[in-house]
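Now for the letters of each chain:
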Amino acid sequence: MGAHLARRYITETETEPDPAKPFGFDPEFGFGERKEREMVASQAQMNLAQVPVLQRDYCAHHLIKLMKCKRDNWPNFLACKHERHDWDYCEHQDYVMRMKEYERERRLQMRKKRVEEAQAA
Amino acid sequence: MAAVGFRNWARALSRGKQPGFSALFSQIRAASGPSKGMLPGPYPQTPEERAAAAKEYNMRVEDYEPIPDNGEGYGDYPQLPDRSQHERDPWYSWDHPDLRRNWGEPIHWDFDMFIRNRVDTSSSPVAWHTMCKHLFGFVGFMLLMFYLGEKFPSYQPVAPKQYPYSNLHLERGEDPEKQPEEVKHFNI
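No experiment lies behind these values; they were computed from the predicted model shown.

## Some points on the overall build of chain B
1) Next: Counting its regular elements, chain B contains five helices and zero strands.
2) Next: Beginning at the N terminus, the succession of helices and strands in chain B can be written as α-α-α-α-α.
3) Next: Considering chain B as a whole, with its 188 residues, one finds that 20% of them fall into the buried category.
4) Next: A total accessible area of about 14700 Å² is found for chain B, and carbon and sulfur atoms account for 58% of it.

Written out as structure tokens, the structure is:
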């Protein structure tokens, strides 16, 4: 926790990735075959469910199921545990994927630096 | 005496004048309104005028100093120190404890400003330069830290969130005719 900040600002200022900038490496590089992320809910379905724009991510189908469950079970606010867990788990996996992407970018940057230094030497 | 007053009142009415309440009964008059000699006199020129003015204001001749004559019309009103009532001894038994003033004491020109609910000329509890140092030191430090926070932001070590449909091109309200650039997201 915070080691990346020390790396970014103090020790490895050239190689630590900046999340504000787009990641430049080829997404297929280093992978044999990569599966594309699948979007389940269509744009029309998200519009009908009135999902907020910032929540229209790759877990929106779980969110729509959760919203329907909540609406059907009101006022029992304890009812939709299963749906909520599904949505939470999907969001968790999405966050873990983000962490892995960051780490991948970092390792590719370090590899690039090593290759450049080997070539210069 | 009342009969005399009644006669005067009848006379005044018959003359058709509209006098004030006090004048209806000429033997009595209200305590409100200034009496003769209540306003300050002219600026004292001679020592005798000074002594008379000092006596009028219930001050010693040595203490009496009129406000300098600059044409603003203070007359012979005394120049008293610009100290508010906060600075007077709170434990002394004043005649008027709230005003911290004794009966007959000369009243400052701005007395209504110097009462304890209003302007306070007493010294600050800590020296002025200390207070300035503390305040500007703190504010300066906070400004510096906020500046550093902008230059070196703190963030979680995660890539930006990925959104479908070309980064929600239509949902963000962008031009529906314009073809957005192809964005591909992968599992990892």
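## Observations concerning the overall build of chain A
1) Next: Each helix and strand counted, chain A has four helices and zero strands in total.
2) Next: Residues classed as buried in chain A amount to 30% of the 121 residues present.
3) Next: Here the analysis covers contacts within chain A between residues at least 6 apart in sequence; of these, 49% occur between residues at least 24 apart.
4) Next: Carbon and sulfur atoms make up 56% of the accessible area of chain A, which totals about 8600 Å².

## Observations regarding the interface of chain A and chain B
1) Next: With 34 residues of chain A at the interface, the matching set in chain B holds 22 residues.
2) Next: Summing both partners gives a buried area of about 3000 Å² for chain A against chain B, and 59% of it is carried by carbon and sulfur.
3) Next: On the chain A side of the interface with chain B, the three residues burying the most area are Tyr9, Gln43 and Arg98 of chain A, jointly 20% of the side's total.
4) Next: Inspection of the region where chain A meets chain B yields four salt bridges.

## So, the packing of aromatic side chains
1) Next: According to the stated counting rule, one finds six aromatic pairs over all chains in the structure shown.
2) Next: Ring centres of Tyr74 of chain B and Trp109 of chain B lie 4.7 Å apart, and the angle between their planes is 75°; this geometry places the pair in the edge-to-face category. Placement of the pair is Tyr74 of chain B in the loop between helix H3 (47-56) and helix H4 (128-151) and Trp109 of chain B in the loop between H3 and H4, with a sequence separation of 35 residues.
3) Next: Classification of Trp109 of chain B as partly exposed rests on a relative accessible area of 40%.
4) Next: Of the aromatic side chains, those joined through ring pairs into one cluster are Tyr57, Tyr64, Tyr74, Tyr77 and Trp109 of chain B.
5) Next: Looking at Arg34 of chain A, its charged tip hangs above the ring of Phe31 of chain A, at a distance of 4.3 Å from the centre.

## Focus on the side chain of His169 of chain B
All names here are of chain B.
1) Next: Mapped onto the secondary structure, His169 falls in the segment after helix H5 (164-168).
2) Next: Judged by relative accessible area, His169 falls into the buried class, the value being 10%.
3) Next: One polar contact links the side chain of His169 to the main-chain carbonyl oxygen of Lys178, over a distance of 3.5 Å.
4) Next: With residues near it in sequence (within four places) discarded, His169 still touches Glu174, Asp175, Lys178 and Pro180.

## Things to note about the pattern of salt bridges
All names here are of chain A.
1) Next: One pass over the full model with this rule turns up 20 salt bridges over all chains.
2) Next: Between Glu16 and Arg106 there is a salt bridge, with the nearest N and O atoms lying 3.6 Å from each other. Of this pair, Glu16 sits in the loop between helix H1 (3-11) and helix H2 (43-49) while Arg106 sits in helix H4 (residues 81-120), and the two are 90 residues apart along the sequence. The burial state of Glu16 is the same as that of Arg106; both residues are buried.

## Here we look at the state of the cysteines
One covalent bond between the sulfur atoms of two cysteine residues makes up a disulfide.
1) Next: Per the stated rule, a full pass over the model turns up two disulfides over all chains.
2) Next: If one numbers only the bonded cysteines of chain A, in the order they occur, the disulfide pattern is 1-4, 2-3.

## What to know about the packing of helix H3 (residues 60-73) of chain A against H4 of chain A
Residue and element names in this part refer to chain A.
1) Next: One can describe the packing of H3 onto H4 by two numbers: an axis separation of 9 Å at closest approach and a directional angle of 160°. In terms of their interaxial angle, H3 and H4 are classed as roughly antiparallel. The handedness of the crossing between H3 and H4 is left-handed. Taken together, the residues of H4 that come into contact with H3 (itself represented by His62, Leu63, Lys65, Leu66, Cys69 and Lys70) are Glu83, Arg84, Asp86, Trp87 and Cys90.
2) Next: When grouped by side-chain class, the residues that make up the contact of H3 with H4 number five nonpolar, one polar and five charged.

## Digging into H4 of chain A
1) Next: Along its 40 residues, H4 of chain A runs 58 Å from first to last C-alpha, staying within 8% of the 58 Å computed at 1.5 Å per residue.
2) Next: Its buried side turned inward, H4 of chain A meets H1 and H3 of chain A.

## Notes on the UniProt feature "transmembrane region" (unreviewed entry) in chain B
1) Next: Using the residue numbers shown here, the UniProt feature "transmembrane region" (unreviewed entry) corresponds to residues 126-148 of chain B.
2) Next: Helix and strand shares over residues 126-148 of chain B are 91% and 0% respectively, and the end C-alpha atoms of the span are 32 Å apart.

## With respect to the confidence of the model for chain B
Caution applies to low-pLDDT parts of the model: their predicted coordinates are not meant to be read in detail.
Residue and element names in this part refer to chain B.
1) Next: Residues of chain B with pLDDT of at least 70 account for 84%, and the chain-wide mean is 87.
2) Next: When the elements of chain B are averaged for pLDDT, helix H2 (residues 21-24) gives the smallest value, 57, and H4 the largest, 97.
3) Next: With a pTM of 0.67, the predicted complex shows an ipTM of 0.89.

Definitions and cut-offs
Residues numbered from 1 in each chain as written. Chains lettered and ligands numbered in written order. Predicted model: local features only at pLDDT ≥ 70, side-chain atom pairs only at ≥ 80, totals over all residues. Heavy atoms only, no water. Helix = DSSP H or I, 4+ residues; strand = E, 2+ residues; numbered from the N terminus. Buried < 20%, exposed > 50% of the residue type's maximum accessible area, 1.4 Å probe, protein only. Areas by Shrake-Rupley, 256 points an atom, 1.4 Å probe, with all protein chains shown as cover. Contact = heavy atoms within 4.5 Å. Buried area = accessible area lost by both parts, 1.4 Å probe. Salt bridge = Lys/Arg side-chain N within 4 Å of Asp/Glu carboxyl O. Phe/Tyr/Trp six-rings, centres within 6.5 Å; stacked < 30°, edge-to-face > 60°. Lys NZ or Arg CZ within 6 Å of the ring centre and 35° of its normal. Polar contact = N/O pair within 3.5 Å; in protein donor to acceptor, adjacent residues only side chain to side chain. Disulfide = S-S within 2.5 Å. Axes fitted to C-alpha atoms, helices over the stretch in contact; angles between N-to-C directions. Parallel < 35°, antiparallel > 145°, perpendicular 65-115°, else oblique. Left-handed = near helix turned anticlockwise from the far one by under 90°. Nonpolar A, V, L, I, M, F, W, Y, C, P; charged D, E, K, R; others polar. Expected span 1.5 Å × (residues − 1). UniProt positions renumbered as here; feature names shortened; annotations may be inferred. pLDDT = per-residue confidence, 0-100.

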